[in-house]
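# Structural overview for review
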Amino acid sequence: MTTVTAARYYGPKDVRIEDIAQQECGPLQVRVKIAFCGVCGSDLHEYLGGPILTPQFGHAHPHTGLRLPVTLGHEMSGTVVEVGSAVTTVAVGQQCAVNPSVDDRHHGLEQCRPCSLGKPNLCKRWACYGLSALGGGLSDEIVVHSASIVPVPSSIPLSVSALCEPLAVACHMIRVSEFQPGDSVLILGAGPIGLAILLLLKVQGVGQVFVSEISPLRSEKAKHFGADAVINPAQKVQGNDRDVVVGFVHGQTDGGVDITFDATGIQATLDTAIAATRAGGTIFNVAIHDKPLQIDPNAFTLMEKKYMGGLCYTSEDFATVVEALASGKLRAEEMITAIVPLSDVIGGAFEELISNKDRHIKILVRPQ
Ligand SMILES: [Zn+2]
């Protein structure tokens, strides 16, 4: 029996490196030898307090039938090593990223309404490789539907190709926000997604771009990635209770920024976002909230502001990211702060991201 090594999730703080049977490559499927796989916030949420997106204890996932344990990892790059008999779109040897989103195409079902509207990221039967569909990137290889393959030119290093997924998230948020070149933008939080949004906005011709961030290390990164100013929201001006970020933004713009991306997701950042965005502007939520927040609808009615959110990406977003990387304009390699072997994924990636969050943007895992 041929086996592959994989990091499998059994429950909170229980991820095991195991040798498991190699998966068959079906007629519409493609086998990818994994080069790199990033570890992200949702993996950490599973690790610390799951199962959340992974199948629940004792239950099969409603759309894929998958049960625990599951192989983790959904930010992967690699090389195609086998294609199914009915695959015509991908050839062996192709370097690629994987769009891990699973929708009706993967299930072989008729498209639901969101899928038919070109929004497979909102599919009624949505699942994700590395969380709720069979196979993940924290493994020697993965077998995916041919529609999941994102071809990447060999001029882009495979390490950088593993960043396509988090960059596609950022790309999707910017696209859905209806950002236009020249728009002024405020980003609340310089974590991995906030920084990815900043990098992509610079490529797409943002006007003034400000970042709000408390951590000195992350603030440095935001400056390095091209923010016009990084404001520490914890800094108080003496004798003035006004939000320092809102005060700064209003001093630099005519009535606020065109778009604010909230990549933090607490009451304080929501309040800042609403106050720092101009009349008719957009407050765009990219954070996942642990609990509901308070909102005054008058803030939207009286100033015609919009509040929006976005989820994941579609193949268009991956294509935009690959094009930007290939053009050399998107200098994403600086997002990689460590590369560790699969055997060290727990200490070197999960625990490291928990203990030294500030020091990292993206840790990549390299199977071998
Ligand atoms: Zn669907």
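Residues numbered from 1 in each chain as written. Predicted model: local features only at pLDDT ≥ 70, side-chain atom pairs only at ≥ 80, totals over all residues. Heavy atoms only, no water.

At this site the zinc ion is bound by Asp104 (OD), Cys112 (SG), Cys115 (SG) and Cys123 (SG), with donor distances of 2.1 to 2.4 Å. Taken together, the four donor atoms surrounding the zinc ion define angles of 100 to 123 degrees at the centre, an arrangement classified as tetrahedral. Site description for the zinc ion: donor spacing in sequence, D-x7-C-x2-C-x7-C. By relative accessible area, Cys112 is classed as buried at 6%. (Donors = N, O, S within 2.8 Å, 3.2 Å for Na, K, Ca; no water. Tetrahedral: all angles 85-135°; square planar, octahedral: opposite > 155°, others 65-115°. Buried < 20%, exposed > 50% of the residue type's maximum accessible area, 1.4 Å probe, protein only.)

Helix H12 (residues 345-355) packs onto helix H1 (residues 41-49) with a crossing angle of 90 degrees between their chain directions and a minimal axis gap of 10 Å. Compared by their axis directions, H1 and H12 come out roughly perpendicular. For the pair H1 and H12, contact is made by Asp43, Leu44, Tyr47 and Leu48 and by Ile346, Phe350, Glu351, Leu353 and Ile354, respectively. A breakdown of the residues in the contact of H1 with H12 according to their chemical character gives seven nonpolar, no polar and two charged. (Axes fitted to C-alpha atoms, helices over the stretch in contact; angles between N-to-C directions. Helix = DSSP H or I, 4+ residues; strand = E, 2+ residues; numbered from the N terminus. Parallel < 35°, antiparallel > 145°, perpendicular 65-115°, else oblique. Contact = heavy atoms within 4.5 Å. Nonpolar A, V, L, I, M, F, W, Y, C, P; charged D, E, K, R; others polar.)

For the structure shown, the criterion picks out 13 salt bridges. When the shortest N-O distance is used, the salt bridge between Glu18 and Arg8 registers 2.8 Å. Taken as a pair, Glu18 in strand S2 (residues 14-21) and Arg8 in strand S1 (residues 3-11) lie far apart in primary sequence, ten residues in all. Residue classification places Arg8 among the buried residues on the basis of a relative accessible area of 18%. Of the charged contacts, one joins Arg331 and Glu334 as a salt bridge, the two residues approaching to 3.5 Å between their closest N and O atoms. Among the charged side chains, a salt-bridge network with shared partners connects Arg31, Glu82 and Glu141. (Salt bridge = Lys/Arg side-chain N within 4 Å of Asp/Glu carboxyl O.)

For the protein chain, the domain assignment lists domain 1 (3-162 + 331-366) and domain 2 (170-309). A C-alpha centroid distance of 30 Å is found between domain 1 and domain 2. Every contact between the two is made by eleven residues of domain 1 and, on the other side, eleven residues of domain 2. Here domain 1 meets domain 2 over a buried area of about 930 Å², counting both sides, of which 59% is carbon and sulfur. Ranking the residues of domain 1 by area buried against domain 2 places Met335, Asp358 and Ile361 at the top, with a combined share of 54%. Our count for the contact surface shared by domain 1 and domain 2 stands at zero salt bridges. (Domains from an automatic or database assignment. Buried area = accessible area lost by both parts, 1.4 Å probe.)

In spatial order, the strands read S13-S12-S11-S14-S15-S16; together these six strands make up an open sheet with parallel pairing. Sheet topology places strand S13 (229-231) and strand S16 (306-309) at the edges, where each strand pairs with a single neighbour. For this sheet the average axis-to-axis angle between neighbouring strands, irrespective of direction, equals 20 degrees. Sheet analysis places strand S11 (residues 185-188) next to strand S14 (residues 257-262), joined by four bridges and oriented parallel. (Pairing = 2+ DSSP bridges.)

What follows concerns the packing of aromatic side chains. In total, this model carries five aromatic pairs according to the counting rule given. Relative to Phe318, the ring of Tyr313 has its centre 5.0 Å away and its plane inclined at 75 degrees; by these criteria the two rings are edge-to-face. For Tyr313, a relative accessible area of 1% corresponds to the buried category. Since its relative accessible area comes to 1%, Phe318 is described here as buried. (Phe/Tyr/Trp six-rings, centres within 6.5 Å; stacked < 30°, edge-to-face > 60°.)

A few words now on unusual backbone geometry. Here the residue pair Gly50 and Pro51 is connected by a cis peptide bond, since its omega of -5 degrees sits within 30 degrees of zero. Tracing the sequence through the fold places Pro51 in the loop between H1 and strand S4 (70-71). That bond from Leu68 to Pro69 is cis: its omega, 0 degrees, falls within 30 degrees of zero. A positive phi is found at Lys13, a non-glycine position, where the angle reads about 55 degrees. Within the fold, Lys13 resides in the loop between S1 and S2. Despite not being glycine, Glu178 has its phi angle at roughly 65 degrees, a positive value. You can see Glu178 is positioned in the loop between helix H5 (164-176) and S11.

Attention now moves to the environment of Val92. Looking at the element boundaries, Val92 is found in the loop between strand S5 (75-83) and strand S6 (95-98). Exposure remark for Val92: the relative accessible area of 55% places this residue in the exposed category. For the pair formed by Val92 and Cys37, sequence separation is 55 residues and the distance between their alpha carbons is 20 Å. When residues no more than four places from it in sequence are discounted, the contact partners of Val92 are Val80, Val81, Glu82 and Val83.

Our focus in this paragraph is the environment of Asp290. Tracing the backbone shows Asp290 in the loop between strand S15 (277-285) and helix H10 (298-301). A C-alpha to C-alpha distance of 27 Å links Asp290 and Leu134, two positions 156 residues apart in sequence.

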